[in-house]
Amino acid sequence: MSAEAPIYLDYNASAPLDPRVREAMTPFLDSVYGNSRSGHVFGVRVKAAIEAARGQVAAFLGCGPDEVVFTGGGSEANNLAVKGTAWAHPARRRLVRSALEHYAIAHACDFLGKWGWSTDVVPVDAAGRLDLAALEATLGPDVLLVAVQHANNEIGTVQDLPAVAERARRVGALLLGDAAQSAGKLPIDVRALGVDLLTIAGHKFGGPQGIGALYKRRDLTLEPLVHGAGHEDGLRSGTHPAALIVGLGAACELAGRDLEAAAARMRALQARLLAAIVAVYPDVVVNGDPVHRLPHTLNVSFPGLDGTDLLDRTPRIAATTGAACHSGLREPSMALKAIGASREVGLGAVRLSLGRWTTEAEVDEAGRLLGEAAGSLVSP
């Protein structure tokens, strides 16, 4: 590793395209083209490739191929799940989500508020775990949909979706699981999780950007967001992006094949990174659940410091902070506020997310650089 080489620790934002996925996609960018709706040989080839990819995604999620809907990404999949469910089942007018949901779900729920739906937000504890007692108190026969992330994109906390599903079923509510961050890092079986809907995004685990998928239980009716010629069983009209779909299928197959070994490697790297930071700066605080956490996600705070200043002092490290800037004023992120982190802890947070190509040398160097930078800010 070059002394000046950048260190990419932002896999939760977007992972690099796996070269094996690129190889699978290349023919559909170069020589295999056509519209999957066309009856000639070009269209037939493309359609066959799309359906093969659908089978790969289905195997990855533990569902049937007919339960997979291709979308333009995780945000679109979440919007289709939330809005499509509400519009198709207007008799129930209440939605429930956790305090940690991605903006794609939170804002979709807010949008539906303009049309008569209300949303209840269920709190999480200091580790980011959903308050199941509060969930039970919130649920009732008027609840249509419960939306809970499988794992949080900032602090990595993993939720007990089967326990949520059991409670949702008691009142006849549907469960949507957002698996954008857990796909490719944790085993996903939609039947075991008990979800009725589940979303993934290809670029989070080695697939291309611009493609995602929605698992929809086959007997569940949704209204589409995009109307047209009826692609994706009428739920997502528009000519299929064959290369992207093939890439998502390949990414799912590869991730499923390597899942156990990759997760063990990530956990070891995560522990090594934390140890490297603590060795130089022992006052660091770990955010999120210490046990029920994604194997590749480490969210740490340097209390009293500013995460942005810290990353500015470590330009080789490509990572993100746990804060957002609004009109020039920095505030702790939504996730850190939800777990009750103090302003001091929230503003000092940095999210470090690892991936397939992260090396031991990189985490050692990143830990040292962050620890030294934090020390320099404390004692300039």
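In what follows, the accompanying structure is described. Predicted, not measured: the structure shown is a model, and the values here were computed from it.

Along its length, the protein chain carries 12 helices and 15 strands. A globule of 380 residues ought to have a C-alpha radius of gyration of about 21 Å, and the protein chain, at 21 Å, matches this closely. Considered along the principal axes of its C-alpha atoms, the protein chain spans approximately 70 × 55 × 40 Å. A burial count over the protein chain gives 55% of its 380 residues as buried. The long-range fraction of contacts in the protein chain, counting pairs at least 24 apart against all pairs at least 6 apart in sequence, stands at 73%. For the protein chain, the exposed area adds up to about 15300 Å²; of that, 55% sits on carbon and sulfur atoms. Looking at charge distribution, the protein chain has the averaged site of its 36 positive side-chain charges lying 4 Å from that of its 41 negative ones.

Between helix α2 (residues 41–61) and helix α8 (residues 242–280), whose axes approach to 8 Å, the crossing angle comes to 30°. On the basis of the axis angle, α2 is roughly parallel to α8. The chirality of how α2 crosses α8 is left-handed. Between α2 and α8, the contacting residues are V46, A49, I50, A53, Q56, V57 and F60 on the first element and A242, I245, V246, L248, G249, A250, C252, E253, A255 and G256 on the second. Considering only residue class, the contact of α2 with α8 consists of 13 nonpolar, three polar and one charged.

Bringing the pairing of strand β2 (residues 68–71) into the picture now. Because side chains alternate across β2, one face comprises the buried residues V68 and F70, and the other comprises V69 and T71, equally buried. As paired elements, β2 and strand β8 (residues 212–216) share four bridges and run antiparallel to each other. Note on β8: the bridge partner recorded for V69 is L214.

Take the packing of helix α3 (residues 74–88) against helix α4 (residues 103–112) next. Viewed as axis vectors pointing N to C, α3 and α4 meet at an angle of 30°, and their least axial separation amounts to 9 Å. With respect to α4, the element α3 is oriented roughly parallel. Considering how the two elements wind past one another, α3 and α4 form a crossing that is right-handed. Of the residues in α4, those touching α3 at S75, N78, N79, V82, K83, A86 and W87 are A104, I105, A108, C109, F111 and L112.

With that out of the way, let us pick up unusual backbone geometry. In this model, E232 sits at a positive phi of 50°, which is unusual for a non-glycine residue. Tracing the sequence through the fold places E232 in the loop between β8 and α8. Unlike most non-glycine residues, D233 shows phi in positive territory, near 55°. If you trace the backbone, D233 turns up in the loop between β8 and α8. The exposure class assigned to D233 is exposed, which follows from its relative accessible area of 73%.

Further remarks concern helix α6 (residues 161–170). Listed as buried for α6 are L161, A163, V164, A165, R167 and A168. Against the buried residues of α6 lie α5 (132–138), β5 (143–149), β6 (174–178) and α7 (190–193). Positive backbone phi, at 75°, marks G172, one or two positions downstream of α6.

Across a sheet, paired strands are connected by hydrogen bonds in the backbone, their directions being either parallel or antiparallel. As summarised here, the arrangement of the seven strands in space is β2-β8-β7-β6-β5-β3-β4, forming an open sheet in which the pairing is mixed. Strands with a single pairing partner mark the edges of an open sheet, and in this sheet they are β2 and β4 (118–122). Geometrically, the sheet is characterised by an average inter-axis angle of 20° between neighbouring strands, direction not taken into account. Here strand β7 (residues 197–201) runs beside β8; their pairing, made up of five bridges, is antiparallel. Bridge assignment links L197 to a residue of β8, and that residue is K216. Docked against the sheet, α2 engages β2, β7 and β8, running at close to 115° with respect to β2. Packing against the sheet, α3 makes contact with β2, β5, β6, β7 and β8, and its axis sits at approximately 160° to β7.

This paragraph deals with the packing of aromatic side chains. Enumeration according to the criterion identifies five aromatic pairs in this entry. Ring geometry for F60 and F205: centres 5.6 Å apart, planes at 20°, overall stacked. Taken as a pair, F60 in helix α2 and F205 in the loop between β7 and β8 lie far apart in primary sequence, 145 residues in all. The same class applies to F60 as to F205, namely buried. One cation-aromatic arrangement involves K83 over F111; the distance from NZ or CZ to the ring centre is 4.7 Å.

Calculation criteria
- Residues numbered from 1 in each chain as written.
- Predicted model: local features only at pLDDT ≥ 70, side-chain atom pairs only at ≥ 80, totals over all residues.
- Heavy atoms only, no water.
- Helix = DSSP H or I, 4+ residues; strand = E, 2+ residues; numbered from the N terminus.
- Rg over C-alpha atoms; globule rule 2.2 N^0.38 Å.
- Buried < 20%, exposed > 50% of the residue type's maximum accessible area, 1.4 Å probe, protein only.
- Contact = heavy atoms within 4.5 Å.
- Areas by Shrake-Rupley, 256 points an atom, 1.4 Å probe, with all protein chains shown as cover.
- Lys, Arg positive; Asp, Glu negative; His and termini not counted.
- Charge placed at Lys NZ, Arg CZ, Asp CG, Glu CD.
- Axes fitted to C-alpha atoms, helices over the stretch in contact; angles between N-to-C directions.
- Parallel < 35°, antiparallel > 145°, perpendicular 65-115°, else oblique.
- Left-handed = near helix turned anticlockwise from the far one by under 90°.
- Nonpolar A, V, L, I, M, F, W, Y, C, P; charged D, E, K, R; others polar.
- Pairing = 2+ DSSP bridges.
- Phe/Tyr/Trp six-rings, centres within 6.5 Å; stacked < 30°, edge-to-face > 60°.
- Lys NZ or Arg CZ within 6 Å of the ring centre and 35° of its normal.

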